[in-house]
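An overview of the molecular structure
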Amino acid sequence: EAKKMQWWKDAKFGMFIHWGVYSALAGTYEGKKIPGIGEWIMNTAKIPIDKYKPYAKQFNPVKYNPEAWVKMAKNAGVKYIVITSKHHDGFALFDSKVTDWDVVDASPYGKDLLKPLVAACRKEGIRIGFYYSQAQDWNHPGGAAINGHWDPAQDGDMDTYLDNIAVPQVREILSNYGNIDILWWDTPKDMTKARAEKFMPILKQHPNLITNNRLGGKFQGDTETPEQFVPSTGFPGRNWETCMTMNDTWGYKSYDSNWKSSKTLIRNLTEIVSKGGNFLLNVGPTAEGEIPKASITRLAAMGKWLHVNKEA
Ligand code: JFZ
């Protein structure tokens, strides 16, 4: 176990990508600005499934340039990238065979978004991780929702959801893209030990996969995940990674301009590294596939401070 963590401990700096149908709403629903983090808009605004799903037609990332994203990250000093293969809205950025609620079947873009990103990462020597929301899923019946369901179409049996959607999808993302370095679980709502164990046969097939502590069922995984803060003393005896936004949202919001300064972000990185942790810093691309300018300039400033060698 110590051996599989070596690259991760050396890496210290990663880039998180939150991207999905919520990026198309960009913080606004039916003309109203919805407070809170952008990727939660369906839940916060209590949008019914049949009102949310049509927004997939507005998720059309024609400007997506994964090679440029990876080069930008690399020039910032980033050593690994973790992308939301499926967030709580259940929308998969890959071609899932167990649902039509994915980028290939439901969006005009119609192409797998993970495949070219993985390829670009391999080419540039950047490690790749997939975030996967195993418990919360607001668009597949039986998926969990923190604070409960708001649309009867969400009701269903969670074990059936896990057996028919989450477990097969995790098998898909771990099987169809070659060797994946990280699986980033999230919000283990209603995840009992028995439910978490459903994922164990797949995980056992990937002994070098690094997982976090958010699967549920008391599984600790490999890493602690302090969120939006730098822990005062770190986590003795545990690997840890602070994940953080550059503004106040993970998923893109058109009007969130509360950006942290480059100086603050550099200080966060140095403080985290000095305490033995990793920094997973988020970007939220638009539905067109563009990373906000403010994020690009901050990443560039971090790379400059780190004296990362630029390409000729
Ligand atoms: C979760 C997600 O709900 C959110 O949308 C985002 O993906 C973020 C990275 O993770 O939010 C959390 C999860 C855990 C805590 C707080 C927010 N926590 O442990 O304090």
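Before reading on, note that the structure itself is shown above.
These notes cover the structure that comes with them. (Residues numbered from 1 in each chain as written. Predicted model: local features only at pLDDT ≥ 70, side-chain atom pairs only at ≥ 80, totals over all residues. Heavy atoms only, no water.)

Considering the pattern of salt bridges
- In the structure shown here, the tally under the stated rule is 15 salt bridges.
- In this structure, lysine 86 engages aspartate 137 in a salt bridge whose closest nitrogen and oxygen atoms are separated by 2.8 Å. Of this pair, lysine 86 sits in strand 4 (residues 80-86) while aspartate 137 sits in the loop between strand 5 (127-132) and helix 8 (158-175); the two residues are 51 residues apart in sequence, bridging distant segments of the chain. Summarising the burial analysis for this pair, lysine 86 and aspartate 137 share the class buried. (Salt bridge = Lys/Arg side-chain N within 4 Å of Asp/Glu carboxyl O. Helix = DSSP H or I, 4+ residues; strand = E, 2+ residues; numbered from the N terminus. Buried < 20%, exposed > 50% of the residue type's maximum accessible area, 1.4 Å probe, protein only.)

Observations concerning the site of the ligand
- Around the ligand sit 13 residues, and of these His18, Glu39, His87, His88 and Asp186 come closest.
- One of the side-chain N or O atoms of histidine 18 is found 2.7 Å from an oxygen atom in the ligand.
- Computed on the free molecule, the ligand has an accessible area of 450 Å², of which 69% lies beneath the protein chains in the complex. (Near = heavy atom within 4 Å. Polar contact = N/O pair within 3.5 Å; in protein donor to acceptor, adjacent residues only side chain to side chain. Areas by Shrake-Rupley, 256 points an atom, 1.4 Å probe, with all protein chains shown as cover.)

A word on the pairing of strand 4
- With 7 of 7 residues buried, strand 4 lies mostly within the body of the structure.
- Pairing geometry for strand 1 (residues 13-17) and strand 4, over 4 bridges, is parallel. When the sheet's bridge partners are listed, isoleucine 17 is paired in strand 4 with isoleucine 83. (Pairing = 2+ DSSP bridges.)

As for the pairing of strand 5
- For strand 5, the tally of buried residues reaches 5 of 6 residues, placing the bulk of the element in the interior.
- Bridging between strand 4 and strand 5 involves 6 bridges; their strand directions are parallel. What sits directly across from valine 82, in strand 5, is glycine 129.
- In the sheet, strand 5 pairs with strand 6 (residues 182-185) via 4 bridges, with the strands oriented parallel.

Section: the state of the cysteines
- Scanning the entire structure with this criterion turns up 0 disulfides.
- Among the cysteines around cysteine 121, which has no disulfide bond, cysteine 243 carries the closest sulfur, lying 18 Å off.
- Overall, the relative accessible area of 0% leaves cysteine 121 in the buried class.
- Assessed through its relative accessible area of 0%, cysteine 243 is described here as buried. (Disulfide = S-S within 2.5 Å.)

Things to note about the side chain of arginine 214
- Counting through the fold element by element, arginine 214 comes out in the loop between strand 7 (210-211) and strand 8 (223-224).
- In this structure arginine 214 comes out as buried when scored by relative accessible area, which is 12%.
- Within polar-contact distance, the side chain of arginine 214 engages the side chain of aspartate 186 at 2.8 Å.
- In contact with arginine 214, other than residues within four places in its own chain, are Gln134, Trp184, Trp185, Asp186, Thr187, Pro188, Thr225, Glu227 and Cys243. (Contact = heavy atoms within 4.5 Å.)

A word on the packing of helix 5 (residues 66-76) against helix 7 (residues 114-124)
- Two elements in contact, helix 5 and helix 7, have axes whose closest approach is 8 Å; the angle formed by their N-to-C orientations is 40°. Between helix 5 and helix 7, the interaxial angle falls into the category oblique. In the packing of helix 5 onto helix 7, the handedness of the crossing is right-handed. Contacts between helix 5 and helix 7 involve Pro66, Glu67, Val70, Lys71 and Lys74 from the first element and Pro116, Leu117, Ala120, Cys121 and Glu124 from the second. (Axes fitted to C-alpha atoms, helices over the stretch in contact; angles between N-to-C directions. Parallel < 35°, antiparallel > 145°, perpendicular 65-115°, else oblique. Left-handed = near helix turned anticlockwise from the far one by under 90°.)

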